Amino acid sequence: MKNIITYLFLLITLGASLPGFAQTDSSIQLSLKKAIDIGFSQRFDIKNQELAIQISESNRLKTQSKNLPQINASIDFRYNAILATSLLPPGALGSSDYTPVKFGTPYNTLTSITATQYIFNSNISGDKLVNDAQTEYDHISLEKYKTDAKSMITQAYYQVLLNQEQIRLAQENVVTAETIVKKGESEFANGTLLKTDLSRYQLDLSNAKNQLQTAQNNYDNSLLVLKTQLIIPVETTIYLTDNLESLISNAEQIAEADANIEQRYEYKMESSMLRLNEIQAKKYNRSYLPSVYLYGNASLQNQNSKISFFNTDTWYPYAYVGIHADIPIFDGFEKSRNIAGYRLKVLQNKNNLDKLSYDIQTETINTRNQLNVAYSQYQTSKENYLLAQTIMKVDQDRYKEGTLTSSALKNTEYSLQNAQNNYLTSIYNVLIAQVNYKKAMGAL
């Protein structure tokens with residue numbers, strides 16, 4: 001009996017733990033920070049850019065390997081079916097004419113080891129500079145992808161919170177409308193309310209239910225957008241842990257900061273591209289210099305009239321070392337035209353930087369003004385919402401006391417609904433304005 005109880009207890013414990021395990025697999029509690037972290041780890045554009053950085057690093061290491069000694073071994077076995085004929089000049093063997101002779105053996109085996117080491121190679125040193133500049137550009141591009149992703153995830157997160165609040169308010173409006181309809185039905189039964197007034201209340205209830213359905217649809221759509229931004233399964237259940245108002249920063253303090261143009265990833269990317277084009281021009285300019293490398297070879301040659309690899313008397317060694325220089329003289333103006341092309345690209349980069357500087361300053365001023373206006377409207381809407389709540393409470397008491405008509409209470413309810421919607425919209429507008437301003441400042 002004791003064993004049975006123990007077994008049942010284990011089953012209950014396991015059963016209690018399974019829902020929690022399933023919940024961790026199919027549901028997520030998300031703060032804004034966690035949502036951004038998940039997006040960074042899941043998004044394909046960020047993953048691809050991280051791979052691009054690894055590719056740049058691989059290219060850099062590949063270029064470095066060219067400066068290391070290059071060592072090759074070779075084995076060549078040859079059977080001379082017909083020995084090559086050489087002609088000795090007249091008089092070499094006492095003959096007045098050319099004398100044909102054959103040198104060599106039918107079997108010839110050559111083994112050798114060759115090593116080369118660059119002393120100076122302008123192409124390799126130029127490639128190293130290009131690789132470093134490309135790696136820098138790829139890192140800045142990753143910053144761009146993360147900034148854009150953070151902006152889109154944040155706005156999608158805010159939209160879900162807004163629609164979530166709109167559902168809550170729509171549910172409250174439905175409850176209020178149902179209360180008024182019930183009250184109206186009682187008054188109509190007692191003969192103190194006209195049929196048209198009751199129909200108006202019922203219409204208001206129907207509209208409130210439609211608004212609730214619309215709010216629910218908007219919420220479902222915004223959840224799908226957020227899941228898409230995070231690249232998580234659409235069947236995952238998401239619970240947001242932040243609320244709209246807690247995410248509002250002190251807009252007055254934020255909007256006083258000066259723009260730092262060089263912090264914007266667009267400016268960084270264009271500056272990096274400018275350096276890359278300058279380095280490309282320098283690389284081609286340096287290719288006019290000679291390339292110099294050391295080389296050496298050690299060989300063993302076996303010559304025999306028959307196949308015999310182990311006869312030491314037929315193996316003949318030789319070795320040599322040297323220094324080699326390649327000196328470019330004329331390439332059909334290819335280098336000079338490449339240099340001219342990259343210099344023109346540098347001029348384009350400089351023009352783009354000037355344009356970006358102007359655009360970023362304008363964008364910063366515009367987003368700062370939008371944030372200040374949005375924050376001011378938020379403060380006004382909040383005060384109006386609190387006032388509308390106070391008025392609604394007073395009018396509800398007056399309605400219960402019979403000193404206020406239902407139509408007047410309905411007007412107060414409409415005013416409260418408008419104040420609620422304006423308040424929620426103002427919070428959302430402030431949050432979006434904060435994101436846009438931080439992005440313009442290069443601080444997102």
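Residues numbered from 1 in each chain as written. Predicted model: local features only at pLDDT ≥ 70, side-chain atom pairs only at ≥ 80, totals over all residues. Heavy atoms only, no water.

(A) Structural detail: the pairing of strand β5 (residues 107–120). Summarising the sheet, strand β2 (residues 70–79) and β5 pair through 10 bridges and their orientation is antiparallel. Across the sheet, F77 pairs through a bridge with T109, a residue of β5. Sheet analysis places β5 next to strand β7 (residues 291–304), joined by 13 bridges and oriented antiparallel. Bridged to A115 within β7 is G296. (Pairing = 2+ DSSP bridges. Helix = DSSP H or I, 4+ residues; strand = E, 2+ residues; numbered from the N terminus.)

(B) Broad picture of the confidence of the model for the protein chain. Averaged over the protein chain, the pLDDT score is 85; the fraction of residues at 70 or greater is 91%. By mean pLDDT, the top-scoring element of the protein chain is helix α2 (residues 32–42) (93), and the lowest-scoring one is helix α1 (residues 2–26) (41). In the predicted structure, residues 1–24 sits below a pLDDT of 50 and forms 0 contacts with residues beyond four places in sequence or in another chain. (pLDDT = per-residue confidence, 0-100. Contact = heavy atoms within 4.5 Å.)

(C) Quick peek at a nonpolar patch on the surface. On the surface, I327, I329, F330 and F333 cluster together into a nonpolar patch covering about 540 Å² of accessible area. The exposure class assigned to F330 is exposed, which follows from its relative accessible area of 62%. (Patch = residues over 30% accessible without salt bridge, like charges linked within 9 Å, V, L, I, M, F, W, Y side chains within 5 Å. Areas by Shrake-Rupley, 256 points an atom, 1.4 Å probe, with all protein chains shown as cover. Salt bridge = Lys/Arg side-chain N within 4 Å of Asp/Glu carboxyl O. Buried < 20%, exposed > 50% of the residue type's maximum accessible area, 1.4 Å probe, protein only.)

(D) The arrangement of helix α9 (residues 406–441) in detail. Taking 1.5 Å of rise per residue, 36 residues should cover 52 Å, and α9 covers 52 Å from first to last C-alpha, within 8% of that figure. Just downstream of α9, G442 is the residue with a positive phi angle, here 75°. (Expected span 1.5 Å × (residues − 1).)

(E) Seen up close, the nonpolar core. In terms of nonpolar packing, the biggest core is built from 49 residues, with L30, Y157, Y158, L226, L230 and L240 touching the most fellow members. Mapped by element, the contributors of at least two residues to this core are β1 (27–30), α2, α4 (122–189), α5 (195–230), β6 (237–240), α8 (334–401) and α9. Top contributing element to this core by residue count: α9, with 14 residues. Not counting the four nearest positions on each side in its chain, Y157 is found in contact with L30, S31, L32, A35, L226, L240, T241, D242 and L247. (Core = buried A, V, L, I, M, F, W, Y, C linked by side-chain atoms within 4.5 Å.)

(F) Spatial organisation of helix α3 (residues 44–65). In a regular helix each residue adds 1.5 Å, so 22 residues correspond to 32 Å; α3 covers 31 Å between its end C-alpha atoms and thus fits that length. Of all the residues in α3, the buried ones are I46, Q49, A52, I53, S56 and T63. For α3, the buried positions fall inside an angular range of 110° around the axis, keeping them on one side. Exposed side chains of α3 directed beyond 90 degrees from the buried face belong to F44, N48, Q54, I55 and K62. Where α3 is buried, its residues contact α2 and α4. (Arc of directions from axis to C-beta.)

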